[in-house]
Amino acid sequence: MSETERTIVPSYADPEVEAALEAVRAVRSVTDAADPRPRYFIRTFGCQQNEADSERLAGLCSAMGYEKTDVPGEADLILVNTCAVREHAEKKALSVIGQYKHVKEEKPSAVIGVGGCMVSQPARAEKLKKSYPYVSFTFDTGAIAAVPSLVLGAIRGGKRTFLLSDEWKIAEGVPIRRESRHMAWLSIMYGCDNYCSYCIVPYVRGRERSRSVEAILDEAKALIEDGTRDITLLGQNVNSYRGRNGEDIAELMHRICALPGDFQLRFMTSHPKDASDRLIEAMATEEKIVKHFHLPIQSGSDRILKRMNRKYDRAAYLERIDRLREAVPDVSVTSDVIVGFPGETEEDFEDTLSVMEKVSYDMVFSFIYSPRAGTPAASFPDQIPHEVAAGRMERLLALGDAVSKERNDRFLGRVLRVLTEGVSKQDGEMLTGRGAPVRPIHFRGNPSLIGQFVQVRITGNDTFCLRGELV
Ligand code: SAM
Ligand code: SF4
């Protein structure tokens, strides 16, 4: 295992995970007998939730006795974790899966499995079954715990399996092998009930379900004891988190912050209709919560927000931002925006630009609308031509960068608490870290500081990153 990785095995497992662990042991007896030990390779597409799921897949692969490789051609087990949020992500995954055909040709014993949002759509799973005969199995987002038995079936030469679960549950107890030593994703809930008209997520990740406070606290405690300094609570809409006794996200965060240890806490994503005063209050009062709020607006036009089924309007969104800035004046605010949603007029688009200027976002993640089969918006008659959407996107990006650069300026000259993440990829002499600014912070320092909180004076603003010096 590399120095940056670690596996955490939860102390409790649900009955179906216990059953999965049986299959883990059966595969292990095969991998233990092999010399050299077989290797696994995981390719991940998409969002943080997929990254977190891949860490659970990696935990299972390790438990099954596979060693990690970064080279697909060396792997005996290849798992692809796909995304379906935009067409581009699906095309990319299919093209990568296509390349693995050669791996299978050169090593016929290699097992290839595909999971994630793309294959949670029956039509896509069917396509893989028909057109990619070298794929041994697919598994949907609710079936991660079933992977060991799928692997076992494949290495025993059984039938190809294309698994679509009929119910989405929470599977507690899957081992997790995390990529980073000091930062961790911590899923607190799964699925989504919001049905925004453009979005595939509720169809491929199932109904919203929250983990228990106890399970989350146990995981957070184990992480902190293991040296984690930065925990991000994950969910499609963490604001609607509900524990078994009605605990909300604010209470959950207060309880995590009360755990002993030097760490910082983040959360994503929030839905503006549910961003509660209690959550804002928690951010204002808890020192450990990073002062960063990701609050996707998607569009600044009330007409479009309605067609998106977002259940808030521009005024309600701006009221939440005002409330947030009143309580946490220095807060960094980021957003997601969709450009070229069906029926978006020039005027609607300008409403989005004006909201960006008004809110003055630290960063905006922008996406050209991508029709997703099965979602209501895909059959809206007034789809926007790609050239129009692309032209708007260019204007939005230019404004986003200008606003972001201006926002970064507020940090110049200030001394910030920063978690040292690693050596900068661009310059081996520099370290990179993060704190309240959403942009990475680069500073000169000794790599022994990695994983530690340091004080950094901000000396420069390069829009996409900040420069600073150790104090
Ligand atoms: N649950 C999160 C939320 O509501 O903010 C977001 C989840 S989604 C994986 C991340 C972002 O992808 C969304 O906020 C939206 O901006 C974008 N997105 C979702 N569906 C899209 C589509 N069909 N076309 C383009 N962008 C899309
Ligand atoms: Fe998709 Fe809307 Fe759910 Fe976010 S809240 S995952 S955009 S349906």
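Up top you'll find the structure we're talking about.
Residues numbered from 1 in each chain as written. Chains lettered and ligands numbered in written order. Predicted model: local features only at pLDDT ≥ 70, side-chain atom pairs only at ≥ 80, totals over all residues. Heavy atoms only, no water.

Colleague: Looking at this structure, how should I read the packing of helix α9 (residues 277–285) against helix α11 (residues 314–327)?
Modeller: For any two helices packed against each other, the geometry comes down to the angle between their axes and how far apart the axes lie. The contact between α9 and α11 brings their axes to 9 Å, and the two run at 25°. Relative to α11, α9 is oriented roughly parallel. Relative to α11, α9 is oriented so that their crossing is right-handed. On α11, the residues touching Asp 277, Ile 280, Glu 281, Met 283 and Ala 284 of α9 are Arg 320, Arg 323, Leu 324 and Ala 327. Tallied by class, residues from the contact of α9 with α11 come to 5 nonpolar, no polar and 4 charged. (Axes fitted to C-alpha atoms, helices over the stretch in contact; angles between N-to-C directions. Helix = DSSP H or I, 4+ residues; strand = E, 2+ residues; numbered from the N terminus. Parallel < 35°, antiparallel > 145°, perpendicular 65-115°, else oblique. Left-handed = near helix turned anticlockwise from the far one by under 90°. Contact = heavy atoms within 4.5 Å. Nonpolar A, V, L, I, M, F, W, Y, C, P; charged D, E, K, R; others polar.)

Colleague: When you look at the site of ligand 1 in this model, what are you seeing that I'm missing?
Modeller: Around ligand 1 lies a shell of 15 residues, among which Tyr 198, Gln 236, Gln 298, Asp 336 and Ser 370 are the nearest. The backbone of Gln 236 places a nitrogen or oxygen atom 2.8 Å from a nitrogen atom of ligand 1. Between ligand 1 and Ser 370 there is a distance of 2.8 Å, counted from a nitrogen atom to a backbone nitrogen or oxygen. Its free accessible area being 560 Å², ligand 1 has 91% of it covered by the protein chains. Those elements that provide at least two residues to the shell around ligand 1 are β15 (332–339) and β16 (363–368). Class assignment of the residues belonging to the shell around ligand 1 gives a composition of 7 nonpolar, 4 polar and 4 charged. (Near = heavy atom within 4 Å. Polar contact = N/O pair within 3.5 Å; in protein donor to acceptor, adjacent residues only side chain to side chain. Areas by Shrake-Rupley, 256 points an atom, 1.4 Å probe, with all protein chains shown as cover.)

Colleague: What am I meant to see in the packing of aromatic side chains here?
Modeller: Centre distance and the angle of the planes are the two values used to describe a pair of aromatic rings. Throughout the structure, instances matching the rule amount to 9 aromatic pairs. Summarising the aromatic geometry, the rings of Tyr 195 and Tyr 203 are spaced 5.4 Å apart at their centres and angled 80° between planes, so their arrangement reads as edge-to-face. Residue Tyr 195 is classed as partly exposed on the basis of its relative accessible area of 31%. Judged by relative accessible area, which is 32%, Tyr 203 ranks as partly exposed. Seen in terms of ring centroids, Tyr 312 and Tyr 317 are 6.2 Å apart; in terms of plane orientation they differ by 35°. Their pairing is tilted. Residues Tyr 312 and Tyr 317 agree in their burial class; the two are buried. An aromatic cluster is present here, built from Tyr 198, Phe 341, Tyr 369 and Phe 380 joined pairwise through their rings. Note that Arg 417 overlies the ring of Phe 453, its terminal NZ or CZ placed 3.7 Å from the centroid. (Phe/Tyr/Trp six-rings, centres within 6.5 Å; stacked < 30°, edge-to-face > 60°. Buried < 20%, exposed > 50% of the residue type's maximum accessible area, 1.4 Å probe, protein only. Lys NZ or Arg CZ within 6 Å of the ring centre and 35° of its normal.)

Colleague: Would you explain the pattern of salt bridges in this entry?
Modeller: If the charged atoms of two oppositely charged side chains come close together, the side chains can form a pair. The full count for this structure, using the stated rule, is 44 salt bridges. Here Arg 417 makes a salt bridge to Asp 262, at a shortest N to O gap of 3.0 Å. Highlighted residues: Arg 417 in strand β17 (residues 415–423) and Asp 262 in the loop between α8 (249–257) and β13 (264–268), separated in sequence by 155 residues. Accessibility expressed as a relative area gives 39% for Arg 417, which makes it partly exposed. Classification of Asp 262 by relative accessible area gives partly exposed; the value is 40%. Its salt-bridge partner being Glu 281, residue Arg 323 comes within 3.6 Å of it at the nearest N-O pair. Linking Arg 323 in helix α11 with Glu 281 in helix α9, this pair joins segments that are 42 residues apart in sequence. Put simply, Asp 277, Glu 281, Glu 319, Arg 320, Arg 323 and Glu 326 are held in one network by salt bridges that share partners. (Salt bridge = Lys/Arg side-chain N within 4 Å of Asp/Glu carboxyl O.)

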